[in-house]
Amino acid sequence: MSDTDLSVPFRQRAGSALGDKHLQEALTIATTKFIGLRREAFGEFPEGERLRDMAREIKEATLQHLDRYVDQLIDSVERLGGHVHYATTPEEARRVVLDIAARTGARLAVKSKSMASEEIHLNEALEAAGVIPIETDLGEYIIQLAHERPSHIIAPAIHKTKGQVADLFAKELGRQVAADPEELTRIARVELRQKFLDADLGITGANFAVADSGTVVLVTNEGNGRMVTSLPRVHVAVMGVEKVVPSMTDLMVFLQILAKSATGQKLSVYTTLVRGPRRAGELEGPDEFHLVLLDNGRIRQIAGPLREALYCLRCGACLNVCPVYRQIGGHAYGYTYPGPIGILLTAMLEGPGSVKDLAHASSLCGACADACPVRIDIPRMLVELRREVDEARIASWTERLAYRLMETILASPTLYRWSKPLARLLQRPFARDGRIRSVPLAFGEWTRTRDLPAVARQTFQERWPELQNPTATPGSSTATGEPCDRSRLAPESGHPRPKPDSRHPLQ
Amino acid sequence: MVTCLGDMFFPEVGVSVTRLLRRLGVTVEFPQGQTCCGQPMFNSGYHAGAARVAARTVELFRDAEHVVVPSGSCAYMVRHEYPALLRDTPARAEAERLAGRTYELSQFLVRVLGKTRFKASVTGRVTYHDSCHLLRGLRESEAPRTLLRNLDGAELVELPGGDECCGFGGSFSVRLPEVSTQILDKKLRNIEATGAACVVACDSGCLMQMGGGLGRRRSKVRPLHLAELLDGDER
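Everything numeric here is computed off the predicted structure, so don't read it as measured data.

1. Details of the domain arrangement of chain A
Assigned domains within chain A: domain 1 (15-301) and domain 2 (412-489). Taken over C-alpha atoms, the centre of domain 1 of chain A sits 56 Å from the centre of domain 2 of chain A.

This is how it looks when you write it as structure tokens:
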């Protein structure tokens, strides 16, 4: 499996993504579609806003007493004949699954889509232990064939065009394959059918687990989740510990907004409710059922600055609307969870040092917070992470010096006043008609692709004395003769710049 | 509050704001010693520095009845970040008072003064870019549109993807300039497709970004601050 090379700086990884034509095509098509579908789904659903508030409140309240709900969940699952394992670290979680596989003599595992299993790098561990993992979600199946990782939380192969998928299938099958989504799906279905029947182990994630009933909930669109949870002898669900919800009533709140946020569907095609192993008299279901609850840094954040990130439903809506994700896709981020929420989750799982650069991979435009079904204030937490990075002094010394200098100047009106003539002096070799097209040092990052306005020959503060007297009309020389007139702002001929007049208030 | 970008790069915006407000009978004062609201430092995580600058700003505007800011992001900073940023300082109470009296320009015109009819300084089609902090921070999309729709002399055409970021994002624009530029390119293609002569915004940051890109492509489309557009000849 090819991982993103983290020794390459983030900016460079992002740059490569910008230059990848297939990626750009695939991302534009998919994210645009998702955005439209989501907007439509909530547009037709007036209760949506209220349900989002409710969902957020349920998450808040559940985290307050998470220990209680986890205990309740464990009791419920055990009462149904299932087993619950608590894993503090990814190693522990992998060990649990490998032990189950070894004990049951499993050789082949079918998996439905699970980010938690990605988080603990389960597939590699299974392979190393001689168990073959087969991804059965179409997107996951595609990227498994390509030896890649998911680049989106719900659409793992979002970075691939249908042409690329056809090429991949053709290589695998050794024959020509048309770039037709229906045909490609049919091929995957045929390939996967026998795997479902042969598998010893079914591995899934879980979108929710209901504390009072012990129900593990899978939200899928392809029906593979049902096959994985009902055909193999053993079912193992791996779930982040924060995904427990108190009751079925609470679950209904989430189900009404999850698919709408993710794909714009009213509900996903399949909502699979699993309650323990097969009971006496039942025709379907596994002999054994295991639920692995994964902490991996989550519990610590209940009282931490990233607490809200624990509300996340993994719908992917924030990725679809993020202008940065839409340009660079998921792999450039370099970790299991991409996009705006991914930066927070990475900080949670790997520590704030890991997101020194990623914390700045956002223009703080707020589209993510608006799209989030549980209204996680992602921009605020990104700023919070940036603050942690500053306080831990892990930013470069040049950056810290620059901000210290900025602070000194902006905290002193005198220095600020004198910085302007200084800037005008320094910009003189570069400025023409009020624009700077090329400039050295950090500003060069700006001017490589954009003009920079020059510091005005007279700043507003410097003009204020003449503006101060409301009855003294600033002459046309002031209005049009603004020396640094941004020529592109100058009025078109025939529409003279407005004559300033302040003597006759409109009212 | 003229803002640092407004002061240094776009002084005409401040001049237009002054003229507009005076014409409406507002007494305009400009407290001396203004520098910046602290947002650049705050957003980059340098909160101690931001708090120092914010405390100065709070003090400067102590006596103002209303504080009008021709920039959505700076108004957002004062309204929504100052109280928490200065929570543990002596400036706390004053910061909260300032937050409640600070308005972005279009909001002040429409929601405080109730003025919606202005004469445009240019004619023809204009399009409007929703600045992120005004739209999603201050939750304002209507006030600027009300002003633009009622403009005497100019016609508003909606910008496809008008609510999407222009790619500025403060230091983001130079930390990840390639990504910032690609986001901008998309914005500029949408702007040019409207056939508008001007793209109007209520934030100097967006205007610097879009203006910088339009200038570089030698586009005929002009970036214009709302204040400049509303500042037409008096009827």
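2. Considerations on the confidence of the model for chain A
This prediction gives chain A a mean pLDDT of 91; 92% of its residues lie at or above 70. When the criterion is pLDDT under 50, residues 473-507 of chain A qualifies, and its contacts beyond four places in sequence or with other chains add up to 79 contacts.

3. Observations concerning the domain arrangement of chain B
Residues and elements named next belong to chain B. Its domain assignment divides chain B into domain 1 (4-110) and domain 2 (116-230). Measuring from the centre of the C-alpha atoms in domain 1 to the corresponding centre in domain 2 gives 22 Å. In total, about 2000 Å² of surface goes out of reach between domain 1 and domain 2, with carbon and sulfur atoms giving 70% of it. Counting across the interface, domain 1 meets domain 2 through zero salt bridges. Joining domain 1 to domain 2, the criterion identifies six residue pairs in polar contact (both at pLDDT 80 or more). Listing elements by their share of the side of domain 1 that touches domain 2, those giving two or more residues are helix H1 (4-8), helix H2 (11-23), helix H5 (72-85) and helix H7 (105-112). Per element, the largest residue contribution to the side of domain 1 that touches domain 2 is six residues, and it comes from H5. Here the residues of the side of domain 1 that touches domain 2 are counted per class, giving 13 nonpolar, 10 polar and three charged.

4. Re a nonpolar patch on the surface
On the surface, a cluster of nonpolar side chains totalling about 310 Å² of accessible area is made up of Leu422, Leu425 and Leu426 of chain A. Locating leucine 426 of chain A in the fold gives a position in helix H20 (residues 413-427).

5. Side note on the interface of chain B and chain A
A common measure of how large an interface is: the accessible area buried when the components associate. Each side of the interface is counted separately: chain B has 83 residues, and chain A has 82 residues. Surface buried jointly by chain B and chain A totals about 7700 Å² across both partners, of which 56% is contributed by carbon and sulfur atoms. Considering only the surface of chain B that becomes buried against chain A, Arg22, Tyr46 and Arg216 of chain B emerge as the three largest contributors, covering 10% of it. The interface formed by chain B and chain A includes nine salt bridges. One salt bridge in this structure joins arginine 139 of chain B and aspartate 370 of chain A, with 2.8 Å as the shortest N-O distance. For the side of chain B that touches chain A, the element with the highest residue contribution is helix H11 (residues 177-193) of chain B, accounting for nine residues. Of the residues that constitute the side of chain B that touches chain A, the class distribution is 31 nonpolar, 28 polar and 24 charged.

6. Notes on helix H19 (residues 397-410) of chain A
Residue and element names in this part refer to chain A. Relative to the 20 Å expected for 14 residues at 1.5 Å per residue, H19 spans 20 Å between its end C-alpha atoms, a close match to the ideal helical length. What H19 keeps buried is the set Glu399, Tyr403, Glu407 and Leu410. Looking down the long axis of H19, one finds its buried residues gathered within 80 degrees of arc, a one-sided arrangement. Every exposed residue of H19 that faces more than 90 degrees away from the buried side is listed here: Trp397, Leu401 and Leu405.

7. Regarding the sheet that holds strand E2 (residues 108-111) of chain A
Each strand in a sheet pairs with its neighbour through backbone hydrogen bonds, running either in the same direction (parallel) or in the opposite one (antiparallel). Residue and element names in this part refer to chain A. With parallel pairing, six strands are arranged side by side in an open sheet as E1-E10-E7-E4-E2-E3. Because the sheet does not close on itself, it has two edges, and the strands there are strand E1 (83-87) and strand E3 (132-135). For this sheet the average axis-to-axis angle between neighbouring strands, irrespective of direction, equals 20 degrees. In this fold helix H4 (residues 66-79) packs onto E1, strand E7 (234-240) and strand E10 (288-294), with an angle of close to 170 degrees to the strand it touches most, E10. Contacting E1, strand E4 (201-204), E7 and E10, helix H5 (residues 90-103) runs over the sheet at an angle of about 170 degrees to E10.

8. Focus on the side chain of arginine 22 of chain B
Relative to the helices and strands, arginine 22 of chain B resides in helix H2. Of the side chains with opposite charge, glutamate 29 of chain B comes closest to the buried, unpaired arginine 22 of chain B, at an N-O distance of 9.4 Å. From its side chain, arginine 22 of chain B meets the backbone oxygen of glutamine 468 of chain A in a polar contact 3.3 Å long.

9. Notes on the pattern of salt bridges
Scanning the model with the defined rule gives 53 salt bridges over all chains in all. Its salt-bridge partner being glutamate 178 of chain B, residue arginine 11 of chain A comes within 2.7 Å of it at the nearest N-O pair. Note that arginine 11 of chain A is positioned in helix H1 (residues 10-18) and glutamate 178 of chain B in helix H11, a pairing that runs across two chains. The class of arginine 11 of chain A is partly exposed, set by a relative accessible area of 27%.

10. Considerations on the sheet that holds strand E11 (residues 431-432) of chain A
Residues and elements named next belong to chain A. Taken together, three strands build an open sheet; the order of strands is E11-E12-E13 and the sheet is antiparallel. The open sheet has two edge strands, E11 and strand E13 (452-453), and neither has a second partner. When E11 meets strand E12 (residues 435-436), the two strands line up antiparallel, connected through two bridges. Opposite arginine 432, over in E12, you have arginine 435 as the bridge partner.

How each quantity is defined
Each chain has its residues counted from 1, following the order in which its sequence is written. Lettering of chains starts at A and numbering of ligands starts at 1, both following the order in which they are written. Local features in a predicted model are, by the rule used here, given only for residues with pLDDT of at least 70; side-chain atom pairs are given and counted only at 80 or more, and totals for whole chains, interfaces and linings are based on all residues. Water and hydrogen atoms were dropped before computing side-chain values, which therefore reflect all heavy atoms in the structure. Domain borders in the structure are assigned automatically or taken from a domain database. Confidence scores labelled pLDDT are given residue by residue by the predictor and lie between 0 and 100. We call two residues in contact when some of their heavy atoms are within 4.5 Å. Buried area: the accessible area, evaluated with a 1.4 Å probe, that two parts lose upon being put together, summed over both parts. Salt bridges, as used here, are contacts in which a Lys or Arg side-chain nitrogen is within 4 Å of a carboxyl oxygen on Asp or Glu. Two N or O atoms count as a polar contact when they lie within 3.5 Å, although within protein this holds only if one can serve as hydrogen donor and the other as acceptor, and sequence-adjacent residues are included solely when both atoms are side-chain atoms. Starting at the N terminus, helices and strands are each numbered in turn, a helix being any DSSP run of H or I of at least four residues and a strand any DSSP run of E of at least two. Polar here means any residue other than Ala, Val, Leu, Ile, Met, Phe, Trp, Tyr, Cys and Pro, which are nonpolar, and Asp, Glu, Lys and Arg, which are charged; Gly is therefore polar. By definition, no residue in a patch forms a salt bridge, and every one has over 30% relative accessible area; like charges are joined within 9 Å, nonpolar side chains (Val, Leu, Ile, Met, Phe, Trp, Tyr) within 5 Å. Where accessible areas are quoted, they stem from the Shrake-Rupley method and a 1.4 Å probe; at the residue level, only the protein chains shown are allowed to cover. In this analysis, the expected span of each helix is defined as 1.5 Å times one less than the number of residues it contains. Partly exposed describes any residue whose relative accessible area lies between the buried limit of under 20% and the exposed limit of over 50%, with all areas from a 1.4 Å probe on protein chains only and scaled to the type maximum. Relevant arc is that of directions from the helix axis to the C-beta atoms, nothing else. Here, a strand pair is defined by DSSP locating no fewer than two bridges between the strands. The axes are straight lines fitted to the C-alpha atoms, using for helices just the contacting stretch, and the angles between their N-to-C directions are given from 0 to 180°. The sign given to each residue is positive for Lys and Arg and negative for Asp and Glu; His and the chain ends receive no count.

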